[in-house]
2 protein chains.
Amino acid sequence: MVDTSTEHTVRSFDKELARLSQSIIRMGGLAESQLAAAIEAMSRRNSEMAAKVVQSDAEIDALEQEIDEQAVQLLALRQPMAQDLREVIAALKISADLERIGDYAANVAKRSMALNQVPMTEPAHTLPRMAQLVLSNIKRVLDAYVDRDPDKAIDVWESDTEVDEMYTSLFRETLTYMMEDPRNITPCTHLLFIAKNVERMGDHATNIAEVIHFLVTGNKILGGRPKGDTTSYEVVAPPSESATH
Amino acid sequence: MVDTSTEHTVRSFDKELARLSQSIIRMGGLAESQLAAAIEAMSRRNSEMAAKVVQSDAEIDALEQEIDEQAVQLLALRQPMAQDLREVIAALKISADLERIGDYAANVAKRSMALNQVPMTEPAHTLPRMAQLVLSNIKRVLDAYVDRDPDKAIDVWESDTEVDEMYTSLFRETLTYMMEDPRNITPCTHLLFIAKNVERMGDHATNIAEVIHFLVTGNKILGGRPKGDTTSYEVVAPPSESATH
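For clarity, every value in this text was computed on a predicted model and none was experimentally measured.

A. Representation of the relation of the copies chain B and chain A in the model. When chain B is fitted onto chain A, the two copies agree to an RMSD of 0.0 Å after a turn of 180° and an axial shift of 0.0 Å. Overall, the copies show the geometry of a two-fold rotation axis. Taking C-alpha positions as reference, the residue of chain B nearest the rotation axis is Q79 of chain B, located at 2.7 Å. Taken together, the interface assignments show that 100% of the residues at the interface of chain B recur at the interface of chain A, consistent with an identical surface on both copies.

B. How the structure looks around the nonpolar core. Counting 149 residues, the largest nonpolar core has L98 and M201 of chain A together with L98 and M201 of chain B as the members making the most contacts within it. Other than its neighbours up to four places away in sequence, L98 of chain B contacts I24, M27, G28, A31, I60, L142 and I208 of chain B.

C. Spatial organisation of the pattern of salt bridges. Residue and element names in this part refer to chain B. Following the criterion strictly, the structure yields 20 salt bridges over all chains and no others. Measuring nitrogen to oxygen at the nearest pair gives 2.7 Å for the salt bridge that ties R183 to D181. For D181, a relative accessible area of 19% corresponds to the buried category. Residues E199 and K196 are paired through a salt bridge, measuring 3.1 Å at the closest nitrogen-oxygen approach.

D. Expanded view of the interface of chain B and chain A. Residue-level contacts link 47 residues of chain B with 47 residues of chain A. Surface buried jointly by chain B and chain A totals about 4100 Å² across both partners, of which 62% is contributed by carbon and sulfur atoms. When the area that chain B buries against chain A is broken down by residue, the three leading residues are F193, S232 and Y233 of chain B, summing to 14%. Connecting chain B to chain A are two salt bridges. The interface formed by chain B and chain A contains three residue pairs in polar contact (both at pLDDT 80 or more).

E. Expanded view of the packing of helix 4 (residues 126–147) of chain B against helix 5 (residues 150–180) of chain B. Residue and element names in this part refer to chain B. Two elements in contact, helix 4 and helix 5, have axes separated by 10 Å at closest approach and are oriented at 165°. What the angle tells us is that helix 4 and helix 5 run roughly antiparallel. Crossing of helix 4 against helix 5: the hand is left-handed. Contacts from T126, L127, R129, M130, L133, V134, N137, R140, V141, D143, A144 and D147 in helix 4 reach K152, A153, D155, V156, S159, D160, E162, V163, M166, Y167, L170 and E173 in helix 5. Here the residues of the contact of helix 4 with helix 5 are counted per class, giving 12 nonpolar, three polar and nine charged.

Criteria and cut-off values
- Residues numbered from 1 in each chain as written.
- Chains lettered and ligands numbered in written order.
- Predicted model: local features only at pLDDT ≥ 70, side-chain atom pairs only at ≥ 80, totals over all residues.
- Heavy atoms only, no water.
- Least-squares fit on C-alpha atoms with pLDDT ≥ 70 in both.
- Contact = heavy atoms within 4.5 Å.
- Core = buried A, V, L, I, M, F, W, Y, C linked by side-chain atoms within 4.5 Å.
- Buried < 20%, exposed > 50% of the residue type's maximum accessible area, 1.4 Å probe, protein only.
- Salt bridge = Lys/Arg side-chain N within 4 Å of Asp/Glu carboxyl O.
- Buried area = accessible area lost by both parts, 1.4 Å probe.
- Polar contact = N/O pair within 3.5 Å; in protein donor to acceptor, adjacent residues only side chain to side chain.
- Axes fitted to C-alpha atoms, helices over the stretch in contact; angles between N-to-C directions.
- Helix = DSSP H or I, 4+ residues; strand = E, 2+ residues; numbered from the N terminus.
- Parallel < 35°, antiparallel > 145°, perpendicular 65-115°, else oblique.
- Left-handed = near helix turned anticlockwise from the far one by under 90°.
- Nonpolar A, V, L, I, M, F, W, Y, C, P; charged D, E, K, R; others polar.

The following block contains the structure:
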């Protein structure tokens, strides 16, 4: 004999878990399109487009709040265990990372508005390439979540080194531009912070990859986290006095 | 008749919750002392002390992992509800914020080691004041957690504006130093990132204040989050050509 009441409960619980997962995917899509729009606004020097990105961040924040409530309600009413519990905890963690990614996208947009008030500086061309790489990592990590694919997650996790390396070379390049002409200092400072924001978004994609791997396999990704960002220790010397004066 | 088995369960559950709370307080104390040590290392230009801060970050990371596991185990085995569930969720959130604070402290220490390789620049004196304010906010928010005091949490939440304002003026000041002498560019860039790290730690103290307020009252703090950091939009012009050349 089938206990239909239990079956019913189980089914509606699965539905709630699926709904939670759908919310994460929707939030991920939003974060992704916010970053894409921020990059485009920056490349086109379009302040109106940038302002829209800043505005839209509230949507992501609202979605995080919604996911939080969904998750806490699931915990309170369903008291999930084992894999189901991992699903809920993963949703809580991933939504926090996506919220940060959205925040950084809004910050990139804000700073690009400041950049538009001054003439274009050189390293502004390198930055979109780095941002595209991070965007692709965010896309791929969301795919890994949809497919519950730990190997895809490891791929993203590993490719963060490339992001860090691009950031390090951008950091050095930008500092030399600042040294060449004091008029470059304000725009280049904003560029540095934008680049740092983009690098941080890459870190959050890496976090999400770790959460997915744990969610699916129950194990942490083995090996130390790849680290290519060495800018904290960078000392760039200005060109010789004769060259600047 | 007293049901001693239930009483026993309740008591040991309370013990586990108290243990979780103790772990948070211990992690908070560590984060606090990491920031204090980072500030001291920076002020004294002591790279050895800074290296120790970088090393000790692993302890905070390990503690976050431990709290995560404690919380998930509590959720799985005890299936807490209402206030108890809020306690566990709050612990998960606060430990994530404390982990970030620890990370930023390590980053400040790393960058101060880069600073020590070049002569001292002026704004380096303003920074410790700002860092002391953030340190006091972190201390106070941990007190608010220990006392489950929502008013103390609101106090911290409100005083973050002051941190943001200090950061904004430091930002402008640092940019002008960079414009005065290209040799200031590398150290001032590190100073800017250190200041940004400290400002972010303040934001995490604010996050924790929000979590505590919700934990105790069940309500969010009313009113928009105070925001005094306007540096994303700052454009600082270099002094006139005649002054620099």
